[in-house]
Amino acid sequence: MKEKAFALFLLALFLFTLPLSLLFRGVGGPWELPPLYLYLFGAWALVVLLAFLLFRRP
């Protein structure tokens, strides 16, 4: 359990410390939303979902 939690922490650390300005240089994303915002909220949702799946009680 501790190993999975640590792996989730490392994944979140990797996702949120990337040089984000290098990833999203283009203008416009789907539905005219900025791609940076889509990435941040998508990564956040992924981390929350994985934490929920990891720590839920059977």
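These notes cover the structure that comes with them. By convention here, each chain's residues receive numbers from 1 onward along its written sequence. Residues qualify for local features only when their pLDDT is at least 70, as the model is predicted, and side-chain atom pairs are given and counted only at 80 or more; totals for whole chains, interfaces and linings, by contrast, use all residues. Hydrogen atoms and water are omitted, and side-chain values are computed over all heavy atoms in the structure.

Quick word on the overall build of the protein
How we decide: Numbering goes from the N terminus for both helices and strands, where a helix is a DSSP run of H or I of at least four residues and a strand is a run of E of at least two. Under the scheme applied here, a residue whose accessible area is under 20% of the maximum for its type counts as buried, over 50% as exposed, and between as partly exposed, the area being computed with a 1.4 Å probe on protein chains only. Throughout, a residue-residue contact means that at least one pair of heavy atoms, one from each residue, lies within 4.5 Å. Only the protein chains shown count as covering a residue, and every accessible area follows the Shrake-Rupley method with a 1.4 Å probe.
Of the regular secondary structure elements, the protein holds three helices and zero strands. By the burial criterion, 14% of the 58 residues in the protein qualify as buried. Restricting the contact set of the protein to residue pairs at least 6 apart, pairs at least 24 apart contribute 63%. Here the protein has roughly 5100 Å² of accessible surface; of this, 74% comes from carbon and sulfur atoms.

Considerations on the packing of aromatic side chains
Our working definition: Aromatic pairs are defined between Phe, Tyr and Trp rings, using the six-membered ring for Trp, whenever the two ring centres lie within 6.5 Å; interplanar angles under 30 degrees are classed as stacked, those over 60 as edge-to-face, and all others as tilted.
With the rule as written, the count across this model stands at two aromatic pairs. Arranged with centres 6.5 Å apart and planes meeting at 80°, the rings of phenylalanine 41 and tryptophan 44 form a pair that is edge-to-face. Within this pair, phenylalanine 41 and its partner tryptophan 44 are both found in helix α3 (residues 35-55), separated by three residues, close to a single helical turn. Judged by its relative accessible area of 53%, tryptophan 44 falls in the exposed class.

Brief notes about the nonpolar core
We count it as follows: Take the buried residues of types Ala, Val, Leu, Ile, Met, Phe, Trp, Tyr and Cys, join any two whose side-chain atoms come within 4.5 Å, and each joined set is a nonpolar core.
With five residues, the main nonpolar core is built from Ala12, Leu15, Tyr39, Ala43 and Val47. Among the secondary structure elements, those contributing two or more residues to this core are α1 (2-16) and α3. With three residues, α3 is the largest single contributor of residues to this core.

What about the packing of α1 against α3?
Defined as follows: Convention adopted: a line fitted to C-alpha atoms gives each axis, helices being fitted over their contacting stretch, and angles between N-to-C directions are expressed from 0 to 180 degrees. Note on angle classes: values under 35 degrees are labelled roughly parallel, values over 145 roughly antiparallel, values of 65 to 115 roughly perpendicular, and the remainder oblique. Note on residue classes: Ala, Val, Leu, Ile, Met, Phe, Trp, Tyr, Cys and Pro are nonpolar, Asp, Glu, Lys and Arg are charged, and everything else, Gly too, is polar.
Between α1 and α3, the least distance of the axes is 10 Å, while the angle of their chain directions is 180°. The orientation of α1 with respect to α3, classified from their angle, is roughly antiparallel. Contacts between α1 and α3 involve Lys4, Ala5, Leu8, Leu11, Ala12, Leu15 and Phe16 from the first element and Tyr39, Leu40, Ala43, Trp44, Leu46, Val47, Leu50, Ala51, Leu54 and Phe55 from the second. Counted by class, the contact of α1 with α3 contains 16 nonpolar, no polar and one charged residues.

A word on a nonpolar patch on the surface
Filter applied, for reference: Nonpolar side chains (Val, Leu, Ile, Met, Phe, Trp, Tyr) within 5 Å and like charges within 9 Å form the patches, drawn only from residues with over 30% relative accessible area and no salt bridge. The working definition used for a salt bridge is a side-chain nitrogen of Lys or Arg within 4 Å of a carboxyl oxygen of Asp or Glu.
Nonpolar side chains collect at one region of the surface, where Leu11, Leu46, Leu49, Leu50, Phe52 and Leu53 lie side by side and expose about 510 Å² of accessible area between them. Looking at which element gives the most residues to the nonpolar patch, the answer is α3, with five residues. Topologically, leucine 49 is positioned in helix α3. Note on leucine 49: relative accessible area 45%, which makes it partly exposed.

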